[in-house]
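These are the residues of each chain, in order.
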Amino acid sequence: MAKINLNRQPMPKQSLESRKNNFDEVALGYTPEQALEEASRCLQCPKPPCVTGCPVGIDIPDFIKALREHDMPEATHILKRKNSLPGICGRVCPQESQCEKSCVLTKKGAPVAIGRLERYVADWERSHPELVRKQGPHIDHHGKKIAIVGSGPAGLSCSAQLAQMGYEVTIFEALHSAGGVLTYGIPSFRLPKDIVQGEIDYVKSLGVEIQLDQVIGKISTVDDILKNGYAAVFLAPGAGAPMFLDIPGENLNGIYSANEFLTRINLMKAYLFPEYDTPIKTGNRVAVIGGGNVAMDAARCTARLGAEKVYIIYRRSRTEMPARQEERENAEEEGVIFTLLTNPKRFIGDDHGKLTAIELYKMKLGEPDDTGRRRPITIPESEFTIDIDTAIVALGTKPNPLIPSSTTGLDLTRWGTVKTDAATGKTSKNSVWCGGDMATGAATVISAMGAGKIAATSIDSYLKNTG
Amino acid sequence: MSYRIIAKENLTQDIHLLRVEAPAMANKAQAGQFTMVRSDEKGERIPITIADWDKQEGSITIVFMEVGATTKKLARLNVGDTLLNFAGPLGRPTEIKFFGTVVCVAGGFAIATIVPVARAMKQAGNKVISIMGFRTKSLVFWEDRLKEVSDNLIITTDDGSYKRKGLVTEPLEKLLEQDTINRVIAIGPTTMMKACSTTTMSFGVKTMVSLNPIMVDGTGMCGSCRVSIGGKTMFACVDGPDFDGHAVDWELLMNRQRTYLDEERESQRLLEKRLRPEF
Ligand SMILES: Cc1cc2nc3c(=O)[nH]c(=O)nc-3n(C[C@H](O)[C@H](O)[C@H](O)COP(=O)(O)OP(=O)(O)OC[C@H]3O[C@@H](n4cnc5c(N)ncnc54)[C@H](O)[C@@H]3O)c2cc1C
Ligand SMILES: Cc1cc2nc3c(=O)[nH]c(=O)nc-3n(C[C@H](O)[C@H](O)[C@H](O)COP(=O)(O)OP(=O)(O)OC[C@H]3O[C@@H](n4cnc5c(N)ncnc54)[C@H](O)[C@@H]3O)c2cc1C
Ligand code: SF4
Ligand code: FES
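Conventions adopted
- Residues numbered from 1 in each chain as written.
- Chains lettered and ligands numbered in written order.
- Predicted model: local features only at pLDDT ≥ 70, side-chain atom pairs only at ≥ 80, totals over all residues.
- Heavy atoms only, no water.
- Helix = DSSP H or I, 4+ residues; strand = E, 2+ residues; numbered from the N terminus.
- Rg over C-alpha atoms; globule rule 2.2 N^0.38 Å.
- Buried < 20%, exposed > 50% of the residue type's maximum accessible area, 1.4 Å probe, protein only.
- Contact = heavy atoms within 4.5 Å.
- Areas by Shrake-Rupley, 256 points an atom, 1.4 Å probe, with all protein chains shown as cover.
- Lys, Arg positive; Asp, Glu negative; His and termini not counted.
- Charge placed at Lys NZ, Arg CZ, Asp CG, Glu CD.
- Near = heavy atom within 4 Å.
- Nonpolar A, V, L, I, M, F, W, Y, C, P; charged D, E, K, R; others polar.
- Core = buried A, V, L, I, M, F, W, Y, C linked by side-chain atoms within 4.5 Å.
- Axes fitted to C-alpha atoms, helices over the stretch in contact; angles between N-to-C directions.
- Parallel < 35°, antiparallel > 145°, perpendicular 65-115°, else oblique.
- Left-handed = near helix turned anticlockwise from the far one by under 90°.
- Pairing = 2+ DSSP bridges.
- pLDDT = per-residue confidence, 0-100.
- Phe/Tyr/Trp six-rings, centres within 6.5 Å; stacked < 30°, edge-to-face > 60°.
- Lys NZ or Arg CZ within 6 Å of the ring centre and 35° of its normal.

**Examining the overall build of chain B**
Scanning chain B for helices and strands turns up 9 helices and 16 strands. A globule of 279 residues ought to have a C-alpha radius of gyration of about 19 Å, and chain B, at 18 Å, matches this closely. Overall size of chain B, expressed as C-alpha extent along the three principal axes, is 55 × 40 × 40 Å. By residue count, 59% of the 279 residues in chain B fall in the buried class. In chain B, of all internal contacts separated by at least 6 residues, the share reaching a separation of at least 24 is 63%. When the accessible surface of chain B is summed, it comes to about 11700 Å², and 48% of that surface belongs to carbon and sulfur atoms. Taken together, the 36 basic and 34 acidic charged side chains of chain B have centroids lying 1 Å from each other.

**Section: helix α13 (residues 258-267) of chain A**
Among the 10 residues in α13(A), 10 count as buried, and that is most of the element. Against the buried residues of α13(A) lie α10 (181-184), β5 (241-242), β6 (255-257), α14 (293-304), β14 (390-393) and β15 (397-398) of chain A.

**Looking at the site of ligand 3**
Near ligand 3 the following residues occur: A:Cys42, A:Leu43, A:Cys45, A:Pro48, A:Pro49, A:Cys50, A:Pro61, A:Cys103, A:Val104, A:Val112 and A:Ile114. For the shell around ligand 3, the per-class residue count stands at 11 nonpolar, no polar and no charged.

**Digging into the nonpolar core**
Residues A:Ile60, A:Phe63, A:Leu117, A:Leu162, A:Phe234 and A:Ile459 are the most contacted members of the largest nonpolar core, which totals 68 residues. Those residues in contact with A:Leu117 that lie beyond four places of it in its chain are A:Tyr30, A:Ala35, A:Glu38, A:Ala39, A:Phe63, A:Ile64, A:Leu67 and A:Val112. One finds A:Leu252, A:Ile358, B:Met215 and B:Met254 within the second-largest nonpolar core, a separate group that totals 53 residues.

**Describing the packing of helix α9 (residues 153-164) of chain A against helix α11 (residues 193-205) of chain A**
Relative placement of two packed helices is described by the angle separating their axes and the distance separating the axes. All names here are of chain A. Orientation of α9 relative to α11, taken along the N-to-C sense of each, is 30°, at an axis distance of 9 Å. Here α9 is positioned roughly parallel relative to α11, judged by the angle of their axes. Classified by chirality, the crossing of α11 by α9 is left-handed. Facing α9, whose interface residues are Leu-156, Ser-159, Ala-160 and Gln-164, α11 presents Ile-200, Tyr-202 and Val-203. Residues that form the contact of α9 with α11 fall into these classes: 5 nonpolar, 2 polar and no charged.

**Here's the deal with the sheet that holds strand β16 (residues 432-434) of chain A**
All names here are of chain A. Ordered by their spatial adjacency, 5 strands build an open sheet running β3-β2-β1-β4-β16, and the pairing between neighbours is parallel. Two strands lie at the open edges of the sheet, namely β3 (209-211) and β16, each paired on one side alone. If you compare each strand with its neighbour and ignore which way they point, the axes differ by 20° on average. Its contacts with the sheet place helix α17 (residues 445-465) against β1 (145-149), β4 (230-235) and β16, and it is angled at close to 160° to β4.

**Thoughts on the confidence of the model for chain B**
Per-chain confidence: chain B averages 92 in pLDDT, with 98% of residues scoring 70 or above. Scoring of the predicted complex yields 0.92 for pTM and 0.90 for ipTM.

**Topic: the packing of aromatic side chains**
Residues and elements named next belong to chain A. The full count for this structure, using the stated rule, is 9 aromatic pairs over all chains. Taking the centre distance of 5.3 Å and the plane angle of 70° together, the rings of Trp-433 and Tyr-462 count as edge-to-face. A residue pair is termed long-range when its members are at least 10 positions apart, and Trp-433 in strand β16 and Tyr-462 in helix α17 qualify at 29 residues. Its relative accessible area of 1% is what places Trp-433 among the buried residues. With a relative accessible area of 23%, Tyr-462 lands in the partly exposed category. Put simply, the rings of Phe-23, Phe-189 and Tyr-271 pair up and form one aromatic cluster. Positioned over the ring face of Phe-189 is Arg-304, at 3.8 Å from the centre of the ring.

Written out as structure tokens, the structure reads:
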């Protein structure tokens, strides 16, 4: 066996000076030399634990081997067998809690940088379209129409699969752009919008029709869709409704949900105001409440929009933070101040209803709760205030009731998600499947994508059996 | 999707009507619902009430007042042009049923939006008394249209240049004193809806208002449109836009509407510069 190399290749990044003033991608991607060097560290384990750690079971050592052998078309092919969005997943998957967590080298403190290699291969594919084996659309048309509600990762992956199987697929999307959170949520400095657009164009090239401005539950219901000749419906509307803290002062001017803040920036391009019409207000002192990816994204946006002080307010400690490690590091490098073990008590405003400060409790950690993380406990009489002019509430999102409340016979869980069989994506309603955040609650891009694939397979076998 | 403009009317100098091809929306639209409109790639999404719909023709009518950059851009569109985005029908429809006597009060551009409400109320068997208020005579429009769907129509102008001088709340108060009124609907500028709600409060007559906070998506995913109703936070785009006027926190609404005052001025200034480069 080759000598173990623990020298994990660092990701080249845009310099701190320049990136604080633009929305261009921060992580620049490996050079070919770095990619080969990193790939050479893989031990090609006979029973690779990394594959088990990957939610869609990518044949990780195999694609790394192809990369090592300079066979990029083959590396691409292996990735795409299991993951139709590698360029996106390589950038946004929480690898440290999935494949890289299971890598045998993790015990030695230096897992193979699987995500960065995945991204490297996907980026090679994008710049060499002529060399990639095309999986042309299936010629065997079934003449059956399938409707997909929502164009996020779940909807895109499900429609790509079904189109390749020969179905006529229409995506109904509520907003004026496709892509779901990839478009309106995750900022371009982490996921450039041309990469997302590339994936959407690919799905369209398979013959999938995307109808924008279609708010299902309003312009038509799921029942209408089924009556209008669609043989099956896949629900992938995500979990888009923002949660608030429900504390005094939360409706003051200057307090945004992360969804509003990020939508103004990513979807409406408010960071280019006044060239674009949609405005955004980012003051000088900003508090972002939450510790997930969404909170990091919002904090890093405000830093780019010129805020002097950006605080992350998180009620547990650094170890419990759900955000990707890389983004936490980037945020701190960019000057975001982590105010850990603090929890908001109330917002304070002036006579004009404008936010001026936030009052916080200090917290401590108790016993682990049912998520396995140590429970935050309020320390009595520990209140203190920070002067702020903007707050962004990034507590997470829950399912939007628009579709559930307008669909007959669709059973829900007590969290408002659609009751779904994880193995097939089936719901309680005939001919209706569901996947992604609407089925699981806010989760990850890769799990949404995986759910789209599972549902496509189940829809196909159901339609084959019903003739 | 192409949302072609098939008719345009300038109702007053600043208030315009567009009839837009949108067959699926026309099929579902109900009184009180709205649509999110975007004119161009760099444009903002703004909410506009559905003023009328025609299932046969497959069209939706909107009426809007030029107040800022987006509405000014919309005002420059003509028959044959298309809107880039047009999503709806959004929001909950106005509660329509037999109440008895219903007073419909509208001010400014909202005259257009109250017509379908008055019509539906009348069809539901109500006696409909409408009050329309304008600043001055030159701003009066759709008198005949509202008359057609009302048993009785009262018109006020602030300066007395046409019909009755004064604010809409004056005839409203008279009606409440004289008759049994079972429901009031008030649509228009925020201050007017607030004043109507204050007027009806002491008579205990339920008053529905159509709130117009700043919106982004119009589908319940951002919370920009949050309003406080009886102390509870609600999203106007999905829980409304109609709410009980007696439970609305008006001060909060007005504060939140002012969030982007500086930016709105900046946008307008730039638009005017683009349109009239000599200035
Ligand atoms: C800011 C942010 C950062 C994130 N960062 C990461 C990350 O780094 N890594 C990661 O793995 N995950 C991340 N996530 C989570 C991840 O993006 C989601 O889990 C994933 O996008 C869910 O996919 P989906 O297809 O279920 O739904 P979504 O991506 O939410 O897409 C749903 C689509 O359906 C549309 N829709 C909703 N309702 C209707 C309707 N009634 N009619 C028609 N269309 C409708 C929506 O407009 C939307 O386009 C992040 C999320 C956010 C918000
Ligand atoms: C449910 C609803 C229905 C409406 N129906 C109509 C209608 O039928 N006809 C009509 O003329 N107007 C209507 N409005 C108001 C209309 O949306 C605003 O006048 C419009 O957004 C102004 O945009 P602007 O760029 O031209 O002006 P701006 O310069 O941006 O703003 C001028 C004023 O409009 C308000 N405003 C700005 N942006 C928004 C936004 N995104 N959402 C809501 N208000 C905003 C501001 O608070 C300000 O008071 C409605 C609003 C709502 C919420
Ligand atoms: S576990 Fe790590 S070393 Fe083993 S095959 Fe997977 S990536 Fe390579
Ligand atoms: S406008 Fe975004 S939630 Fe209402």
